[in-house]
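Spelled out, the chains give:
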Amino acid sequence: IFLTNEEVKQFVDSIKLETLDGRVNINGLRFRTLVEVLLGTGMRISECLSLNQDSIDFEKREAKIVGKGNKERTVFFSERSLHWVKLYLEHREDSANPLFITYNQTRLPRYDISKTFQNYVKHSGLKKKVTPHILRHTVATQLLFNGCPISHVKEILGHERLETTCAYYLGVDKRKAKEAHGKYLNF
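Keep in mind that this is a model prediction, so the values were computed, not measured.

Draft legend 1. The environment of F77, seen in detail. By secondary structure assignment, the location of F77 is in the loop between β3 (72–76) and α4 (79–91). The exposure class assigned to F77 is buried, which follows from its relative accessible area of 3%. Spatially, the C-alpha atom of F77 lies 8.8 Å from that of F58, the residues being 19 residues apart in sequence. Aside from chain neighbours lying at most four places away, what touches F77 is V37, G40, T41, M43, L51, I56, R61, E62, A63 and L82.

Written out as structure tokens, the structure is:
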């Protein structure tokens, strides 16, 4: 399962960024930033929630994280995702290092996320299930649809083995398979 570009837009547009009196809705801004970081990096939710402000190199558009299997890797940010990170940080009034925090300035826990996703899916009117992992699938699918080599998708997602990436993502676009068949099978 993955979201189309239109479904991504529908989902992110449903996130309330202002209160009724026109002030910044910091919870909405935090959630929109979280979604944009997931979409702009392909990180797992646990990796995203473990980000610290000082681990992001804004110039290089990357960060070092500890991923699955306790392995360090570099993640890359889209310009759009960093725009949202900067906007979120501009509106925070604290000095806590974790990127995503609660009102108590503690790291945002994973269990708070699924309920927020469910609420915004309901508000968006989408009929698909949307979770952080489905956003990860959306990133991988988008990369493949746009011609990104599967070996690069593997690195972006932080998969240890190419077989894992292939098992999940090859075959999602039958058009690409048919195009490759016609292009590479010439007797």
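Draft legend 2. Representation of the nonpolar core within the structure. F11, L34, V35, F77, F100 and F117 are the most contacted members of the largest nonpolar core, which has 40 residues in total. In terms of residue count, the dominant contributor to this core is helix α2 (residues 26–41) (seven residues). Not counting residues up to four positions away in its chain, the partners in contact with F100 are R30, T33, L34, V37, C48, L49, Y88, R92, T106, R107 and L108. Core analysis: the second largest hydrophobic core is formed by six residues, L144, I150, V153 and L157 among them.

The rules we used
Per-chain numbering applies: the sequence of each chain, read as written, is numbered from 1 onward. Predicted model: local features are reported for residues with pLDDT of at least 70 only, side-chain atom pairs are reported and counted for 80 or more only, and whole-chain, interface and lining totals are derived from all residues. Think of the side-chain values as coming from all heavy atoms in the structure, minus any hydrogens and water. Helix numbering and strand numbering both begin at the N terminus, where a helix is a DSSP run of H or I of at least 4 residues and a strand a DSSP run of E of at least 2. Between buried and exposed lies partly exposed: a residue is buried under 20% and exposed over 50% of the maximum accessible area for its type, with that area taken using a 1.4 Å probe on protein chains only. For this analysis, residues touch if any pair of their heavy atoms sits within 4.5 Å. Among buried residues, those of type Ala, Val, Leu, Ile, Met, Phe, Trp, Tyr and Cys that are joined through side-chain atoms within 4.5 Å constitute a nonpolar core.

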